Amino acid sequence: MKSVTVDSPAGTITYTDRKRWLWIMSMVYPLIGVTGVIAHAWSEHEIGVALPLLLAYTVIPFLDFALGEDLNNPPEEVVSELEADEYYRRLLHITAPLHFISFFVAAWWVGTQSLSWWAMLIMAVSAGMASGLAINTAHELGHKANMFDRLIAKIVLAVPGYGHFCIEHNAGHHRQVATPEDSASSKMGENIYAFAMREIPGGFKRGWQLEKKRLQRRGVPVWSLQHNDVLQSYAMTAVMQIGLIIAFGWIMVPFLLIHNFEAWWQLTSANYIEHYGLVRSKKDNGKYEHCQPHHSWNSNHIFSNLVLYHLERHSDHHAHPTRHYQSLRHFEHLPTLPNGYFGSYMLAYIPPLWYHFMDPKLVDLKHVQRDADKLNILPAKRAALIERFKLKSGDSAGDTSVAAAA
Amino acid sequence: MAKFSCPDCEFVYDEALGFEREGYASGTLFADLPEDFACPFCYVRDKDEFIALDDSD
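In this convention, every chain numbers its residues from 1, walking through the sequence in written order. Each chain takes a letter, starting from A, and each ligand takes a number, starting from 1, following the order in which they are written. For this predicted model, a pLDDT threshold of at least 70 governs which residues receive local features, and a threshold of 80 or more governs which side-chain atom pairs are given and counted, while totals over whole chains, interfaces and linings are taken from all residues. The side-chain numbers reported here are obtained from all heavy atoms of the structure, hydrogens and water having been left aside.

Participant: Is there a simple way to think about the overall build of chain A in this case?
Facilitator: In DSSP terms, a helix is any run of H or I states spanning at least four residues, a strand is any run of E spanning at least two, and both are numbered starting from the N terminus. Each helix and strand counted, chain A has 17 helices and two strands in total. For this measure, only C-alpha atoms enter the radius of gyration; the expected value for a globule follows 2.2 Å times N^0.38, where N is the number of residues. Since a compact globule built from 406 residues should have a radius of gyration of about 22 Å, the 22 Å found for chain A is in line with a globular shape. With respect to the three principal axes, the spread of C-alpha positions in chain A is 65 × 60 × 55 Å. Counting every position in chain A, which comprises 406 residues, the buried fraction comes to 57%. Contacts: residue pairs with any heavy atoms within 4.5 Å of one another. For chain A, the proportion of contacts with a sequence separation of at least 24, taken over those separated by at least 6, is 68%. The protein chains shown are the only cover counted for residues, whose accessible areas, like all others here, come from Shrake-Rupley with a 1.4 Å probe. Element-wise, carbon and sulfur atoms account for 64% of the exposed surface of chain A, whose accessible area totals about 17000 Å². Residues scored as positive are Lys and Arg, those scored as negative are Asp and Glu, and His as well as the terminal groups of each chain are ignored. To locate a charge, take atom NZ for lysine, CZ for arginine, CG for aspartate or CD for glutamate. Here chain A holds 35 positive side-chain charges and 36 negative ones, and the gap between their average locations is 6 Å. Exposed residues in this analysis have more than 50% of their type's maximum accessible area, buried residues have under 20%, and partly exposed residues fall in between, with area computed by a 1.4 Å probe over protein chains only.

As structure tokens, then:
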């Protein structure tokens, strides 16, 4: 075990990161897609290709339930040392090529085996699920100031075909998070399928507009592969995916369409559960208050955090976006998800179940206290939700008209 | 030329250097940055929240 020792006014502090080596799980987890190919080849049964889905949606939620939460935080005094340790960054760099390996292995298997239609479908969904993790890797790298990290983020986003993610996420989602204006913050009463219709096109549009604005400020052409980060990543996607169609034929078209959509859907799922119903208040000057830890749903479930580079400690991430994954903190009294992300996604996919578990939690949050004005509510359902949960509301006289207008 | 730091992350806007990637040429005064300028590292702090550094020359 490697320890960090620093001298502070309070004395010498020695900290051992017990998760140090366990972060290797986040590095290898994107290879989950390959486990389906191995299981199929080994068992000689096509159903083997379903292993990644089985692992993600039954084994991991069970391990999150069984192993529970990790409330450990590194002492603040050691954070700069911890973040300067290149080991943590290298893991991210090694993860990047694994996304390409996972994607190409799945495409090769679909392109070279005579799979039945359902096995091809499961392969495409599993491969997309693994490629959705490339957005997670790019997410961690894309928040860094270092240009090499940002370059790797741009390259790895070519796998899910989501080259606009970094600028959209950093300059779009983070600036507008937990407000009705954010296309990537879900509203109370909004189901995940309606949210996807807003979040996916909203992300493409906002990402492109932000990149266009940046390039215009620089005085360089927007439609330029030399300057436009989004186009560069899209171009890599196009080369890879057209190459696969040329190599393996038309079977790649449905495979890639499903793969791409499933990868984007992973991000949609994360965005949906991360800020559901939460809203920042407006200050007297008309600006929103800073994003606080209670403006994101958090999960301390140890297992899924260890395969997602601590993504689920989302409260600290949004309050301090440049903080590295190894130093993200747990706080008391946070909005807390009932399971890790994979288990929570399954709840979200069945909207009545999601509302059943989450709406009562949401309205009783410490900073909400059944006040409708402290919630991001879908306008069309506002009156009904106020009535159902007996919420306070500053616009109680206008509740009906708000709902009617929507 | 003065320097201004983001109150939440390590970003420092140095007027002498500007910030080319975001389109602010070297020599661009902090006062001349657009009103909707946000920290280009963390993106969650605005221009009016930046802190002028004492060691500016």
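Participant: Looking at this structure, how should I read helix α9 (residues 192-218) of chain A?
Facilitator: Residues separated by three or four positions in an α-helix point in the same direction, a consequence of the helix having 3.6 residues per turn. Residues and elements named next belong to chain A. Across its 27 residues, α9 extends 38 Å between first and last C-alpha, which sits within 8% of the 39 Å expected from 1.5 Å per residue. At its buried positions, α9 is contacted by α8 (165-176), α10 (229-248), α11 (252-274) and α14 (341-349). As used in this structure description, the phrase polar contact means that two N or O atoms lie within 3.5 Å; if the pair is within protein, one of them must be able to donate a hydrogen and the other to accept it, and residues adjacent in sequence are counted only when both atoms belong to side chains. The N-cap residue of α9 is N191: its side-chain oxygen and the backbone nitrogen of Y193 are 2.8 Å apart. Downstream of α9 by one or two residues, G219 has phi in the positive range, about 75°. Given a helix with a known number of residues, its expected span is that number minus one, times 1.5 Å.

Participant: I tried to follow the interface of chain B and chain A on my own but got confused; where do I start?
Facilitator: Buried accessible area, meaning the area lost when the parts come together, often serves as the stated size of an interface. The interface of chain B with chain A comprises 19 residues on the first partner and 18 residues on the second. Interface of chain B and chain A: buried area, both sides summed, is about 1700 Å²; carbon and sulfur atoms make up 44% of it. Three residues, B:R21, B:F41 and B:Y43, lead the burial of chain B against chain A; their summed loss comes to 36% of the area buried on that side. Salt bridge, as applied in this entry: a Lys or Arg side-chain nitrogen positioned within 4 Å of an Asp or Glu carboxyl oxygen. At the junction of chain B with chain A, the criterion picks out five salt bridges. A salt bridge links B:D46 to A:K287, with the shortest nitrogen-to-oxygen separation between them at 3.0 Å. For the pair chain B and chain A, the number of links is eleven residue pairs in polar contact (both at pLDDT 80 or more). Using a 1.4 Å probe, buried area is obtained as the accessible area two parts lose upon being combined, added over both of them.

Participant: Just to check I follow, could you spell out the packing of aromatic side chains for this structure?
Facilitator: Given two aromatic rings, their pairing is described by the distance between the two centres and the angle made by the two planes. Residue and element names in this part refer to chain A. Centres within 6.5 Å are what make two rings of Phe, Tyr or Trp a pair, Trp counting through its six-membered ring; a difference in plane orientation under 30 degrees is then read as stacked, over 60 as edge-to-face, and the rest as tilted. As enumerated under the stated definition, the model contains 35 aromatic pairs over all chains in all. Ring geometry for F103 against F104: centres 5.3 Å apart, planes inclined by 50°, an arrangement best described as tilted. Take F104: its relative accessible area is 32%, and that puts it in the partly exposed class. Judged by centre distance (6.4 Å) and plane angle (35°), the ring pair of F204 and Y234 falls under tilted. Here Y234 lies in helix α10 and F204 lies in helix α9, a separation of 30 residues in the sequence. On the basis of relative accessible area, F204 is assigned to the partly exposed category, the value being 25%.

Participant: Looking at this model, I keep getting lost on the sheet that holds strand β1 (residues 3-5) of chain B. Mind explaining?
Facilitator: Strand-to-strand pairing in sheets goes through backbone hydrogen bonds, with the strands running parallel or antiparallel. An order of β2-β1-β3 (chain B) is seen for the three strands of this open sheet, with the pairing classed as antiparallel. Of all the strands in the sheet, just β2 (12-14) and β3 (51-52) of chain B have a single pairing partner and so form its edges. One requirement defines pairing of two strands: DSSP has to find at least two bridges between them.

Participant: I would appreciate a short explanation of the pattern of salt bridges in the present structure.
Facilitator: Oppositely charged side chains can form a pair if their charged atoms are brought close together. One pass over the structure, following the stated rule, counts 28 salt bridges over all chains. If you follow the salt bridges from partner to partner, you end up with A:E76, A:D316, A:R323 and A:R329 in one network.

Participant: How should I be thinking about the nonpolar core in this particular structure?
Facilitator: Soluble globular proteins: nonpolar side chains tend toward being buried together. Within this scheme, the nonpolar core is defined by two criteria: the residues are buried Ala, Val, Leu, Ile, Met, Phe, Trp, Tyr or Cys, and they are joined through side-chain atoms within 4.5 Å. Ranked by size, the top nonpolar core spans 99 residues in total, and within it A:M188, A:F255, A:Y272, A:Y276, A:F342 and A:W354 carry the most contacts. With 13 residues, helix α6 (residues 117-142) of chain A is the largest single contributor of residues to this core. Contacts of A:Y276, omitting those with residues within four sequence positions, involve A:S186, A:K187, A:M188, A:G189, A:E190, A:W297, A:W354, A:Y355, A:M358, A:D359 and A:L362. Within the second largest apolar cluster, 15 residues are counted, among which are B:F4, B:C9, B:Y13 and B:Y24.

Participant: Please explain a nonpolar patch on the surface as it appears in this structure.
Facilitator: There is a patch of nonpolar side chains on the surface, built from A:I47, A:W117, A:W118 and A:L121 and spanning about 450 Å² of accessible area. Considering the arrangement of structural elements, one finds A:I47 in the loop between α2 (32-43) and α3 (51-67). Exposure above 30% relative accessible area and no salt bridge define the residues that can form patches, which grow by joining like charges within 9 Å and nonpolar side chains of Val, Leu, Ile, Met, Phe, Trp and Tyr within 5 Å.

Participant: For this particular structure, what's the right way to read the state of the cysteines?
Facilitator: Disulfides are covalent bonds that connect the sulfur atoms of two cysteines. Here, two cysteine sulfur atoms that lie within 2.5 Å of each other are counted as a disulfide. By the definition in use, this model includes zero disulfides over all chains. Free cysteine: A:C291, not disulfide-bonded; nearest cysteine sulfur from B:C42 at 11 Å. On the accessibility criterion, A:C291 (8% relative accessible area) is buried. Left without a disulfide partner, B:C9 is nearest to the cysteine sulfur of B:C39, which lies 3.5 Å away. What makes B:C9 buried here is its relative accessible area of 12%.

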